[in-house]
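Spelled out from the first residue to the last, the chains are:
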Amino acid sequence: MNNTDQIVQDADVELSFLSSVVKENGNQPAALIPILQMIQEKYRYLPKNAMEFVADALGLSPATVYGVATFYAQFSLEPKGKYVIKVCDGTACHVRGSSAVYDAICKRVELVDGKSTTKDGTYTVETVSCLGACVLAPVVTINDKVYGEMTPEAINIILDTLEKEGTNHDQNA
Amino acid sequence: MSQLTVNGKNVELNGEANVLEVVRKAGIDLPSLCYHQELTVHGACRLCMVEIEGRGIVAACHTPPEAGMVINTNSLVLRRLRKMALELLLARHDRECTTCSRSGNCKLQDLAERFGISDIQLKQDERKLPIDDSSIIIRNPNKCILCGECVRICSEVQGIGVLDFVHRGSKMVVDTAFSKKLSDTECVNCGQCAAICPTGALVIRSQVDQAWDALNDPDKTVIVQIAPAVRVSIGEEFNVPAGESTMGQLVSALKIMGASKVFDTSFSADLTVLEETNEFIQRVQSQENLPQFTSCCPAWVKYAEQFYPEYLNNLSSCRSPQQMLGSLIKKYYGKEQGLQTKDMYVISVMPCTAKKFEAAREEFTTDGVPDVDLVLTTQELAHMIKEIGVDFPALPETAPDQPFGRVTGAGVIFGVTGGVSEAVLRLGYEKLTNEKLEDVVFSEVRGYNGLRSCELKLNGQTLRLAVVNGLTNANKVLEDMKCGKVKFDLVEVMACPGGCIGGGGQPITNVNRRVRVKRGAGLYNEDQIAPVHKSQENPAVKDIYEKWLRCPGSKEAHDALHTTYKERNARCITVAATDHGKDC
Ligand code: SF4
Ligand code: SF4
Ligand code: SF4
Ligand code: FES
Ligand code: FES
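Everything numeric here is computed off the predicted structure, so don't read it as measured data. (Residues numbered from 1 in each chain as written. Chains lettered and ligands numbered in written order. Predicted model: local features only at pLDDT ≥ 70, side-chain atom pairs only at ≥ 80, totals over all residues. Heavy atoms only, no water.)

## Focus on the overall build of chain B
In step 1: Within chain B, the secondary structure is distributed over 18 helices and 19 strands.
In step 2: Relative to the 2.2 N^0.38 estimate, which gives 25 Å for 584 residues, the radius of gyration of chain B is 25 Å and therefore close to what a compact globule would have.
In step 3: Per-residue burial for chain B yields a buried fraction of 60% across its 584 residues.
In step 4: Within chain B, residue pairs in contact and separated by at least 24 positions form 73% of the contacts whose partners lie at least 6 positions apart.
In step 5: For chain B, the accessible surface area stands at approximately 23,700 Å², while carbon and sulfur atoms represent 49% of it.
In step 6: Across chain B, 66 positive and 73 negative side-chain charges occur, with their mean positions spaced 4 Å apart. (Helix = DSSP H or I, 4+ residues; strand = E, 2+ residues; numbered from the N terminus. Rg over C-alpha atoms; globule rule 2.2 N^0.38 Å. Buried < 20%, exposed > 50% of the residue type's maximum accessible area, 1.4 Å probe, protein only. Contact = heavy atoms within 4.5 Å. Areas by Shrake-Rupley, 256 points an atom, 1.4 Å probe, with all protein chains shown as cover. Lys, Arg positive; Asp, Glu negative; His and termini not counted. Charge placed at Lys NZ, Arg CZ, Asp CG, Glu CD.)

Here you go:
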């Protein structure tokens, strides 16, 4: 599947979208966080020029917006993949084999050089601390959907299904 | 009268904003690293802790004073806490004092000494964050104590907000947007952040070595110019009180160093008055491009180019006095003296860091060579004087060289907020009324508040003036103008608090309003004792027009003394690209 069009290059930020987000939330500084959330939702990260735009619209300096964007862990300054896979590495999951699951995913999606997002922008793979679902350990989430009792085999099947859906979706579109 | 007690002594309350001010009024120098009277309170360094009976230990800077408070500033607990706070800062600080340009002038070093920190129990943080030396202000985050003074002065006084806190927890740093190099940001090079920084985390790039190289180069004729505000401040580095002029000693010191000529930039300030008033009167008569904004502050010029390109036609086209003089030296004076451009080296001594940026602008070159080769700040020149080891205050007084050494009081007050307006009025009055001006003092435009305005009736005509210092105030004037709330004919803008006397290159004490006011008074005093108070009566200026430039506004004057501006944008897209601006 070809996902390059999904990787949002900074130059591709849509002004009309940004404008509508600002219009919806108002141009008061207090609207900054909800606005950033909506931008992140659309682009899966905060493009620089979108942050500059928001700064301008809200009468804040770009440095202030950047400060807020780097303060909250929910915001990402790097483009994330279409699928964000989080592998829990909390104690329970670790003990029950989360590393093997993590390695299997990295191998399957061909993640190299310690990068967390694949070259084609399809996958971002991260480890996180306890997700609070230890009874299901080891736990993996894919775009916030929770998968429990993972094994290398099971995660490969899930990824197969995802890829099939993705291709169908691309064809329909 | 309400009172409280500090260490058992009664202290009257008189509207002080916080306990820190009260304690200081009581004569106790409570330590602080993140408090500044003219900025909002941050309350992060915890050094200003005091004990208040019934409340325990509080940060004095953000505790409002109340009648009856019983305050103690000395106790074993406080002592321990202060030392601990300092040690924590020092454990994350690059403590290479001997090679730090703020050594001897650093609040952190000073407090470490005052509190006898001899040994730091904590593990030293060995992080080495990259130093940003892309600009005139050099940022070394390894020396930053996160006091946030730079963040606040840049956003509260200059209205720009180049810097802010980014990341969090142990990774927190003060940085630019997207960690850009400072030279790629909207920084206008005013240097106020470096002046207020308590440590060596923000320092001004030193060009002292280049100056020595030129002064010792047998093939170069070094010509120096000295800005008005320098003479009333450089003495502070040598225990001369602020405001006392040491112009004569300055000329002597520069001659000892090897300068062949020393000129006074107040001379070209007089020229600026003639050109700028001529331009202003034309605009008043045609009612075009009003208000006229002054253009002698390069920080303001860059600000306007970045944020208000639609007003660039309103800026006076006059070059700043520094650039006028540089241009005259390279274009006319050199020829007259039989000097080739390549043999002349023009150094200007300025209170200002933005002048370094201005001198490098391509508009200010003659045959590809900069009109002003090097700009030294007051601080840099003070260092050079210390290097040669002379007793500066005891030097004999030498007069500046001719023809650019003869000045008027009007040119000298350019260094203080309101000065340019007053100098222009001394000529404008005579032009607009055809009367001789007797009382040259325009107290309407004097003062130190950031935004002042007045109306003057001249010959049935009302002139509306605004005098601004601090770019936040310039922003306010521009926004109010846009909405039609205010209307002006002439707006003087200086970026630095108090005008150039508070410039970012001045001795570090310029962050103190009292010191700035003394320097300003020094300039007004120079005006008062000057034999001539009006630029138009400067005989040397008249000569220059006769010899080289014909008359104000002539083609020759335009080529040598005027300039153009260009829109600049440091951002990729702005709201102007859509219709989404802020409402009035
Ligand atoms: S030099 Fe002036 S404009 Fe630049 S960061 Fe410092 S305070 Fe802001
Ligand atoms: S750079 Fe200086 S003024 Fe700014 S936060 Fe750091 S120590 Fe404070
Ligand atoms: S006010 Fe004076 S010292 Fe400050 S930036 Fe402007 S020209 Fe320089
Ligand atoms: S350790 Fe993985 S969910 Fe708790
Ligand atoms: S001066 Fe009060 S906390 Fe820093």
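Structure's up, so let's keep going.
## A closer look at the domain arrangement of chain A
In step 1: Entries for chain A in the domain assignment read domain 1 (3-71) and domain 2 (83-172).
In step 2: For domain 1 of chain A and domain 2 of chain A, the distance between their C-alpha centres works out to 28 Å. (Domains from an automatic or database assignment.)

## As for the pairing of strand E10 (residues 221-226) of chain B
Residue and element names in this part refer to chain B.
In step 1: Taken across its 6 residues, E10 has 5 buried, putting it largely inside the fold.
In step 2: For E10 and strand E13 (residues 344-350), the ladder comprises 6 bridges, and the chain directions are parallel. Looking at E13, one finds that Thr-221 is bridged to Met-344.
In step 3: Examined bridge by bridge, E10 and strand E11 (residues 261-264) share 4 bridges and lie parallel to one another. Within the sheet, the bridge partner assigned to Ile-223 lies in E11 and is Lys-261. (Pairing = 2+ DSSP bridges.)

## Let's talk about the environment of Val-346 of chain B
Residues and elements named next belong to chain B.
In step 1: Along the polypeptide, Val-346 turns up in strand E13.
In step 2: Considered as a pair, Val-346 and Asp-373 are 27 residues apart in the sequence and their alpha carbons are 5.2 Å apart.
In step 3: Contacts of Val-346, omitting those with residues within four sequence positions, involve Ile-223, Gln-225, Ile-329, Lys-330, Asp-371, Val-372, Asp-373 and Leu-374.

## Re the domain arrangement of chain B
All names here are of chain B.
In step 1: You can read the domains of chain B as domain 1 (3-74), domain 2 (87-122 + 131-204) and domain 3 (209-561).
In step 2: Between the C-alpha centres of domain 2 and domain 3 the distance comes to 30 Å.
In step 3: Each partner contributes residues to the interface: domain 2 has 21 residues there, and domain 3 has 24 residues.
In step 4: Regarding the contact of domain 2 and domain 3, the summed buried area is about 1,700 Å², with carbon and sulfur atoms giving 60% of it.
In step 5: On the domain 2 side of the interface with domain 3, the three residues burying the most area are Val-188, Gln-192 and Ile-204, jointly 28% of the side's total.
In step 6: Here domain 2 is connected to domain 3 by 0 salt bridges.
In step 7: The interface formed by domain 2 and domain 3 holds 14 residue pairs in polar contact (both at pLDDT 80 or more) in total.
In step 8: Contributions of two or more residues to the side of domain 2 that touches domain 3 are made by helix H4 (149-157) and helix H5 (192-196).
In step 9: In terms of residue class, the side of domain 2 that touches domain 3 is built from 10 nonpolar, 8 polar and 3 charged. (Buried area = accessible area lost by both parts, 1.4 Å probe. Salt bridge = Lys/Arg side-chain N within 4 Å of Asp/Glu carboxyl O. Polar contact = N/O pair within 3.5 Å; in protein donor to acceptor, adjacent residues only side chain to side chain. Nonpolar A, V, L, I, M, F, W, Y, C, P; charged D, E, K, R; others polar.)

## Re the layout of surface pockets
A water-sized probe rolled over the atoms picks out the places where empty space is left.
All names here are of chain B.
In step 1: What the second largest pocket holds in volume is close to 1,000 Å³.
In step 2: Lining the second largest pocket are 31 residues, and of these Arg-24, His-36, Lys-107, Val-511 and Asn-512 sit closest to its centre.
In step 3: Element by element, the count of residues in the lining of the second largest pocket is highest for helix H3 (residues 107-114), at 4 residues.
In step 4: Looking at the lining of the second largest pocket residue by residue, the classes come out as 12 nonpolar, 6 polar and 13 charged. (1 Å grid on protein atoms, 1.4 Å probe; cavity = no way out; pocket = protein on both sides within 12 Å on 5 of 7 lines; lining within 4 Å. Points joined across faces, edges and corners; volume = space filled by probe spheres on them.)

## With respect to the nonpolar core
In step 1: Ranked by size, the top nonpolar core spans 138 residues in total, and within it Trp-300 and Phe-404 of chain B carry the most contacts.
In step 2: Two domains share this core, each providing at least three of its residues, namely domain 2 (87-122 + 131-204) and domain 3 (209-561) of chain B. (Core = buried A, V, L, I, M, F, W, Y, C linked by side-chain atoms within 4.5 Å.)

## Notes on the sheet that holds strand E2 (residues 123-128) of chain A
Adjacent strands of a sheet form backbone hydrogen bonds with each other and so pair up, either parallel or antiparallel.
All names here are of chain A.
In step 1: One open sheet accounts for 4 strands, arranged E2-E1-E3-E4; its pairing is mixed. Each end of this open sheet is capped by a strand with a single partner; those strands are E2 and strand E4 (145-147). Mean inter-strand twist for the sheet, computed between neighbouring axes without regard to direction, equals 20°.
In step 2: Inspection of the sheet shows strand E3 (residues 140-142) paired to E4 by 3 bridges, in the antiparallel sense. Across the sheet, residue Val-140 finds its bridge partner in E4, namely Tyr-147.
In step 3: Sitting on the sheet, helix H6 (residues 98-108) touches strand E1 (83-88), E2 and E3, and the angle it makes with E1 is about 155°. (Axes fitted to C-alpha atoms, helices over the stretch in contact; angles between N-to-C directions.)

## A closer look at the pairing of strand E3 (residues 49-52) of chain B
Residue and element names in this part refer to chain B.
In step 1: Pairing between E3 and strand E4 (residues 56-59): 4 bridges, direction antiparallel. The residue bridging Ile-52 from the neighbouring strand is Gly-56, located in E4.
In step 2: The loop that links E3 with its antiparallel partner E4 comprises 3 residues; one of these, Gly-54, has a positive phi angle of about 85°.
In step 3: Pairing of E3 with strand E5 (residues 70-72), which is carried by 2 bridges, proceeds in the antiparallel orientation. Looking across to E5, one finds that Glu-51 is bridged to Asn-72.

## Here's the deal with the site of ligand 3
In step 1: Surrounding ligand 3, one finds Cys-297, Pro-298, Ala-299, Cys-352, Lys-355, Met-494, Ala-495, Cys-496, Cys-500 and Gly-503 of chain B.
In step 2: For the shell around ligand 3, the residue count by class is 8 nonpolar, 1 polar and 1 charged. (Near = heavy atom within 4 Å.)

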